[in-house]
Amino acid sequence: MRAEWDAQLAPPSPAPITLSEHQIRALAGRWHDQRLREEERQDQHQESLLAVLSTLEGEDAPDALFTRSGLVADAVDRLLKDEPVPCDEASRARLHGELLRQHKSLYRLLLRRAKGDHTAEVERFPEWKTAATPGTLATATVPLPPQPAAASQTTSQGLTVGELMDRYDADPKRLGIRERSKAGYAVIYRVLKELLGADKPVKAITREDCRQVRDVLLKLPPNYTKRFPRMTAKEAAEEASRKGVAPLAPGTVDGYLENLAAVFNWAVAEEYMERNPAKGLGTTGKVKAKDKRLPFTLDQLQAIFSAPLYTGCRDDEANYAAPGPNHPRRARFWVPLLSLWTGMRLNECCQLLTSDVRALDGVPCLFISEEVADGPREAGRGKPAPVKRVKTEAGERFVPIHPELIRIGFLKFAEKKRAARAERLFPELSASGEGYFSDAFSKWFSRFLASRNAKTSRTSFHSFRHCYRDAMTEARLGRNSVLLLGGWEGGKTDDGYGGKVRASFLLEEISKVAYPGLDLGHLRGEA
């Protein structure tokens with residue numbers, strides 16, 4: 001009873017508040033000042049710091065370096081713990097975004113100092129001082145002090161380019177986007193800032209400005225910051241054009257322009273702009289026939305599957321190309337075969353779980369889906385970290401296991417993995433910082449193709465998928481079967497009309513896929 005009285009007499013918990021931009025920056029300033037003082041007290045800015053920070057030299061340092069380690073989320077927790085008034089989840093997300101930017105800014109500063117450059121000054125904001133003392137957040141609501149017009153980010157004409165990007169990134173709806181998507185936005189942000197200026201009012205951006213951005217992208221080579229590290233995007237584009245360096249693929253440029261249009265669509269929805277000047281802006285929209293990826297030829301397939309990895313090697317690691325007595329059957333053995341006979345994309349193969357190999361209505365199938373972990377959540381994102389990804393909604397599907405894979409021993413392999421209580425089908429593959437299990441495999445496979453004289457400028461691992469599509473066409477499979485079995489847009493096992501497509505029917509269809517002239521007899525009969 002006493003406990004109930006105490007609970008009734010206790011003051012109610014304060015309701016969560018929404019932090020203003022001023023308060024967000026004040027908290028970030030407090031953290032930045034504290035961290036900088038800590039670093040200045042430590043004499044550790046030589047070789048050890050250089051080794052840790054060397055990946056942060058570029059403007060587009062991957063956010064995963066901070067979010068994966070939990071640095072930002074921990075800083076958010078520590079800052080808010082000292083405040084008597086709780087904030088809402090949207091404010092926490094915005095603070096996470098601001099601290100992420102300040103982490104990268106601070107560590108670039110430390111990197112320059114570690115290299116002997118002590119001329120770089122710390123970027124300071126007047127509002128930082130209003131919440132310099134823990135527990136004063138609720139009073140940190142005074143207006144920003146007047147600033148010179150040249151340094152002001154928001155002008156009388158409204159939001160600027162730089163501020164628009166910050167607000168777009170801080171939108172709670174975007175906190176769960178993948179690192180690769182962020183990288184695409186980083187490129188367009190950089191080009192936009194260089195060509196138009198971070199202080200340009202977004203309402204003043206014209207269609208001609210956007211065409212200027214497009215024209216630079218069309219001349220820009222891949223990885224231009226590495227090829228031309230001291231040049232702006234425009235300078236790098238002109239230099240690459242002068243030297244004849246191959247530019248970005250048209251599809252890549254279109255992707256960047258779609259990102260630009262997405263930013264402006266958001267700005268229109270938020271009433272920062274009246275119209276989208278980048279709407280419909282793109283290249284020709286089509287990849288030239290001479291630039292398209294090709295399927296492997298029969299000779300290339302024979303070269304691949306007659307490699308020591310498939311006939312006998314010393315091991316499937318550093319000595320995969322050396323003939324030997326061993327026949328290891330792990331990812332490097334199975335992943336190319338899976339793609340050839342099921343059309344699965346590289347990451348779809350690499351991320352498979354043992355539970356993804358199971359029967360549906362008595363038909364052995366592979367289940368391709370996106371799943372999330374039940375464990376730790378992605379730092380600052382409020383949702384579990386993905387353990388499996390699919391490229392599109394249509395990518396979530398089941399595919400009956402081709403009889404040739406069964407003859408080669410795939411079901412026995414999967415059963416052994418289950419018996420060993422393995423969660424992943426290929427546990428030797430680990431996820432990259434962006435969460436993809438295919439990154440390292442893709443690089444290895446490129447070297448493998450070169451070692452078999454099967455590599456050209458228009459072939460890659462994805463060529464297996466082109467082989468599969470051609471084989472289905474030659475087998476005269478119906479369009480819907482092709483889409484269903486390949487995970488292409490437009491095909492769904494249950495599209496709302498009729499019933500669910502039977503696994504037995506899809507098994508009949510996929511069993512028609514064949515590669516005349518390709519002999520894999522030497523792979524059959526082994527577990």
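Here's a quick rundown of the structure.

Criteria and thresholds
- Residues numbered from 1 in each chain as written.
- Predicted model: local features only at pLDDT ≥ 70, side-chain atom pairs only at ≥ 80, totals over all residues.
- Heavy atoms only, no water.
- Phe/Tyr/Trp six-rings, centres within 6.5 Å; stacked < 30°, edge-to-face > 60°.
- Lys NZ or Arg CZ within 6 Å of the ring centre and 35° of its normal.
- Buried < 20%, exposed > 50% of the residue type's maximum accessible area, 1.4 Å probe, protein only.
- Helix = DSSP H or I, 4+ residues; strand = E, 2+ residues; numbered from the N terminus.
- Pairing = 2+ DSSP bridges.
- Salt bridge = Lys/Arg side-chain N within 4 Å of Asp/Glu carboxyl O.
- Core = buried A, V, L, I, M, F, W, Y, C linked by side-chain atoms within 4.5 Å.
- Contact = heavy atoms within 4.5 Å.
- Expected span 1.5 Å × (residues − 1).
- Axes fitted to C-alpha atoms, helices over the stretch in contact; angles between N-to-C directions.
- Parallel < 35°, antiparallel > 145°, perpendicular 65-115°, else oblique.
- Left-handed = near helix turned anticlockwise from the far one by under 90°.
- Nonpolar A, V, L, I, M, F, W, Y, C, P; charged D, E, K, R; others polar.

## Considering the packing of aromatic side chains
Right, so step 1: What the rule picks out here adds up to 23 aromatic pairs.
Right, so step 2: Note that arginine 358 overlies the ring of phenylalanine 367, its terminal NZ or CZ placed 3.8 Å from the centroid.

## Describing the pairing of strand β5 (residues 397–400)
Right, so step 1: Of the two faces of β5, both are covered, the one formed by Arg397 and Val399 as well as the one formed by Phe398 and Pro400.
Right, so step 2: The pairing of strand β2 (residues 363–368) with β5 spans four bridges and is antiparallel. The residue bridging leucine 366 from the neighbouring strand is valine 399, located in β5.

## A closer look at the pairing of strand β1 (residues 357–360)
Right, so step 1: Relative to β2, β1 runs antiparallel, the two sharing four bridges. The residue bridging leucine 360 from the neighbouring strand is valine 363, located in β2.
Right, so step 2: Where β1 folds back on β2, the antiparallel hairpin that results is connected by two residues, among which aspartate 361 adopts a positive phi of roughly 55°.

## Brief notes about the pattern of salt bridges
Any two side chains of opposite charge can pair, so long as their charged atoms come close to each other.
Right, so step 1: Taken as a whole and judged by the stated rule, the model has 15 salt bridges.
Right, so step 2: Put simply, glutamate 239 and lysine 243 hold a salt bridge, and the shortest N to O gap is 3.4 Å. With glutamate 239 and lysine 243 both in helix α11 (residues 233–243) and four residues apart, the pair spans about one turn of that helix.
Right, so step 3: Classification of lysine 243 by relative accessible area gives exposed; the value is 53%.
Right, so step 4: Notably, a salt bridge pairs aspartate 316 with arginine 330, separated by 2.9 Å at the nearest N-O pair. Remark: arginine 330 occurs in the loop between α14 (308–311) and α15 (331–342) and aspartate 316 occurs in the loop between α14 and α15; sequence separation between them is 14 residues.

## As for the environment of serine 511
Right, so step 1: Position of serine 511 among the secondary structure elements: in the segment after α22 (503–510).
Right, so step 2: A residue is classified by how much of its surface remains accessible, and serine 511, at 32% relative accessible area, is partly exposed.
Right, so step 3: Along the chain, serine 511 and glutamate 404 lie 107 residues apart, while their C-alpha atoms are 8.5 Å from each other.

## Concerning the nonpolar core
Right, so step 1: Formed by 68 residues in total, the largest nonpolar core has its most connected members in Leu337, Phe410 and Phe441.
Right, so step 2: Ranked by the residues each element gives to this core, the list is headed by α15, at eight residues.
Right, so step 3: In contact with leucine 337, other than residues within four places in its own chain, are Phe305, Tyr310, Leu405, Ile408, Leu520 and Leu523.
Right, so step 4: Counting residues in each nonpolar core, the second largest holds 39 residues, with Tyr185, Ala240, Phe264 and Trp266 among its members.

## Observations regarding unusual backbone geometry
Right, so step 1: With a phi angle near 65°, glutamate 271 is a residue other than glycine that sits in the positive phi range.
Right, so step 2: Counting through the fold element by element, glutamate 271 comes out in the loop between α12 (250–269) and α13 (298–305).
Right, so step 3: Using a relative accessible area of 68% as the deciding quantity, one classes glutamate 271 as exposed.

## Some remarks on α15
Right, so step 1: Relative to the 16 Å expected for twelve residues at 1.5 Å per residue, α15 spans 15 Å between its end C-alpha atoms, a close match to the ideal helical length.
Right, so step 2: Across the twelve residues that make up α15, a large majority, eleven, are buried.
Right, so step 3: Restricting attention to buried positions, one finds in α15 the residues Ala331, Phe333, Trp334, Val335, Pro336, Leu337, Leu338, Ser339, Leu340, Trp341 and Thr342.
Right, so step 4: Just beyond α15, the residue with positive phi is glycine 343, at close to 75°.

## Topic: the packing of α15 against helix α20 (residues 463–474)
Right, so step 1: At a closest axis distance of 7 Å, the pairing of α15 and α20 adopts a crossing angle of 30°. Relative to α20, the element α15 is oriented roughly parallel. At the point where α15 passes α20, the crossing takes the right-handed sense. Listed contacts from α20 to Pro336, Ser339, Leu340, Trp341 and Thr342 of α15 are Phe464, Arg465, Cys467 and Tyr468.
Right, so step 2: For the contact of α15 with α20, the class distribution of residues is six nonpolar, two polar and one charged.

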